[in-house]
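Here is how the chains run, residue by residue.
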Amino acid sequence: VLPHADRRGCQSSPVRRFVIIVAVALGLAYAVGIPAFLERDDDPLPPSADAIVVLAGSDNRLPAAQALFDGGLAPTLVVSADRSGHDKPRAKLCRNPPKGVICIHAGPFSTQGEAQGVKELVDRRDWNSLILVTSRYHLFRASRIFRRCVDAKITERGVDEPWWRNAIAVPLEWIKLGVSETV
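Since this is a predicted model, take the numbers as computed values, not measurements. Numbering of residues starts from 1 in each chain and follows the order in which that chain's sequence is written. pLDDT decides what is reported in this predicted model: residues at 70 or higher carry local features, side-chain atom pairs at 80 or more are listed and counted, and totals for whole chains, interfaces and linings draw on all residues regardless. In computing side-chain values, all of the structure's heavy atoms are included and hydrogens and water are not.

Asker: Is there a simple way to think about the environment of Leu 121 in this case?
Answerer: Tracing the backbone shows Leu 121 in helix H4 (residues 111–125). Here's how the labels work: a residue is buried when its accessible area is under 20% of the maximum for its type, exposed when over 50%, partly exposed in between, all with a 1.4 Å probe on protein chains only. Residue classification places Leu 121 among the buried positions, given a relative accessible area of 4%. Spatially, the C-alpha atoms of Leu 121 and Asp 43 are 23 Å apart, while their sequence positions differ by 78 residues. Residues contacting Leu 121, with those up to four places away along its chain left out, are Val 78, Ile 102, Ile 104, Asp 126 and Trp 127. Under the DSSP-based scheme used, a helix requires at least four consecutive residues in state H or I and a strand at least two consecutive residues in state E, with every element numbered from the N terminus. Residues are treated as being in contact if the distance between any of their heavy atoms lies within 4.5 Å.

Asker: I'm lost on helix H2 (residues 61–70) in this one. Help?
Answerer: Each turn of an α-helix holds 3.6 residues, which means side chains three or four residues apart point in the same direction. Among all positions in H2, only Arg 61, Leu 62, Ala 65, Leu 68 and Phe 69 are buried. Each buried residue of H2 sits inside an arc of 125 degrees when the element is viewed along its axis, so together they form one side. Just beyond H2, the residue with positive phi is Gly 72, at close to 80 degrees. Arc, as used here, means the arc of the directions from the helix axis to the C-beta atoms.

Asker: Hey, could you run me through unusual backbone geometry in this one?
Answerer: Only a minority of non-glycine residues have a phi that is not negative, and only a minority of peptide bonds are not trans. Of note, the phi angle at Asp 126 is positive, near 60 degrees, even though the residue is not glycine. In this fold, Asp 126 is placed in the loop between H4 and strand E4 (129–135).

Asker: How should I be thinking about the sheet that holds strand E5 (residues 153–159) in this particular structure?
Answerer: Backbone hydrogen bonds are what pair the strands of a sheet, in a parallel or an antiparallel way. Spatially, five strands are ordered E3-E2-E1-E4-E5 in an open sheet, and the strand pairing comes out parallel. On the outer flanks of this sheet lie strand E3 (101–104) and E5, each paired with one strand and no other. Within the sheet, the average angular offset between the axes of one strand and its neighbour, ignoring direction, is 20 degrees. Sheet topology places strand E2 (residues 77–80) next to E3; four bridges connect them, and they run parallel. From the neighbouring strand, Val 78 faces E3, where its bridge partner is Ile 102. Strands strand E1 (51–54), E2 and E3 of the sheet are contacted by helix H3 (residues 88–95), whose axis makes an angle of about 120 degrees with E2. Note on geometry: axes are lines fitted to C-alpha atoms, helical ones only across the stretch in contact, with angles between N-to-C directions running from 0 to 180 degrees. Lying over the sheet, H4 contacts E1, E2, E3 and E4, oriented at roughly 135 degrees with respect to E3. When DSSP locates at least two bridges between a pair of strands, those strands are taken to pair.

Structure below.
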C-alpha cells in the first residue's frame, strides 16, 4: 500500500449504489413488463356482448370503444367519465349521453372504483358479458381487477399508446399492480 493513497476511490458512495440499484430495478421492470404489459394480444371479439366498457385515462380509448359500439357488438356503451375534464370528447359525450350510452363516475377514481361502478350495472341489469377497452399496458391489471369484482365474462381489447406513454406506464403499472394485489 502506498503511504499517500486515497482509499475513498475504492469505496462506492451511497448515491452511486442507489443509482445502480434503481437502474437494475428499472431494467428488470422493463424486461418483464414489456412482455406482460405491452405485448398482450386482444381476446377474439365475441359475436355480441351485453356492454362495452371503456375506462378513463387516455384520449385514445373512447374512439376505439365507440368504433366497437357503432359496429353493433353491444347495445350499451359504458363510459367511465373523467372528472378532470381533460378528455373533451368524453366530457361532451357524458354531458348529454345518447341512447345506449351510460356514463359512470367512479368513486374512488381508480380502476378499482371503475370496476365497482360497472359491477353495480352488471348486477342491476343482469349482464353476462363485457368487452373491456383500455390502454394495452393497462389490460393486465385492469382485467385482474375486473375479474375479481365483476361476475361476467370479460373480453379484453387493448388500445395502443405512443412509445413515450408506454415507457412511463411500464414501471408505474408494476407499482399499481403491487398496490392492487396487496391493499
